[in-house]
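Listed here are the chains, written in short residue letters.
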Amino acid sequence: MKLIIAYIQPHKLNDVKQELYKAEVYKISVTNAMGCGQQKGYHESYRGVDIEVNLLKKVRSEIGVNDNFVKPTVDAIIKGARSGDIGDGKIFILPMDDCIRIRTGDTGSNAIG
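Attention in this report is confined to the structure presented alongside it.

Calculation notes
Residues numbered from 1 in each chain as written. Predicted model: local features only at pLDDT ≥ 70, side-chain atom pairs only at ≥ 80, totals over all residues. Heavy atoms only, no water. Core = buried A, V, L, I, M, F, W, Y, C linked by side-chain atoms within 4.5 Å. Buried < 20%, exposed > 50% of the residue type's maximum accessible area, 1.4 Å probe, protein only. Helix = DSSP H or I, 4+ residues; strand = E, 2+ residues; numbered from the N terminus. Phe/Tyr/Trp six-rings, centres within 6.5 Å; stacked < 30°, edge-to-face > 60°. Expected span 1.5 Å × (residues − 1). Arc of directions from axis to C-beta. Contact = heavy atoms within 4.5 Å.

All right, on to the nonpolar core then. Ile4, Ile8, Val16, Leu20, Ile63 and Ile77 are the most contacted members of the largest nonpolar core, which totals 15 residues. Only strand E1 (2-8), helix H1 (13-22), strand E5 (56-65) and helix H2 (70-81) provide two or more residues apiece to this core. Counting 5 residues, the second-largest nonpolar core is a separate cluster that includes Met1, Met96, Ala111 and Ile112.

And the structure:
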């Protein structure tokens, strides 16, 4: 089992969800996040004062999958999120020791579904 964490542009979320659905991945958690990478932010002027904004809006999605769904999930995220520009995002894949479904008490691969 793996936990896939992806940081993507907020306007790409619907595209990523559609690609995940096509790959038969339906369970996803999404939160708003702030971050910076190679984009390094931007400058704007507020009431004549130059302000550096280096934390940009991102969306963090977390998806727990069985090992055989890792590649299709990653491919779907890339297909939905890629624009070719700096700031498209990052994907992290972490090992997941266990998963427990609270409602039934199922554990492991059965709990992920």
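This brings us to the packing of aromatic side chains. Taken as a whole and assessed by the stated rule, the structure comprises 2 aromatic pairs. An angle of 25° between the planes, with centres 6.0 Å apart, marks the rings of Tyr21 and Tyr26 as stacked. Tyr21 gets classed as partly exposed once you look at its relative accessible area, which sits at 35%.

This brings us to H2. Here H2 is 12 residues long and its end C-alpha atoms lie 16 Å apart, about the 16 Å a rise of 1.5 Å per residue gives. Turning to H2, its buried residues are Val70, Thr73, Val74, Ala76, Ile77, Gly80 and Ala81. Looking down the long axis of H2, one finds its buried residues gathered within 160° of arc, a one-sided arrangement. Away from its buried face, by an angle of more than 90 degrees, H2 presents the exposed residues Lys71 and Lys79. Along its buried surface, H2 packs onto E1, H1, E5 and strand E6 (89-95).

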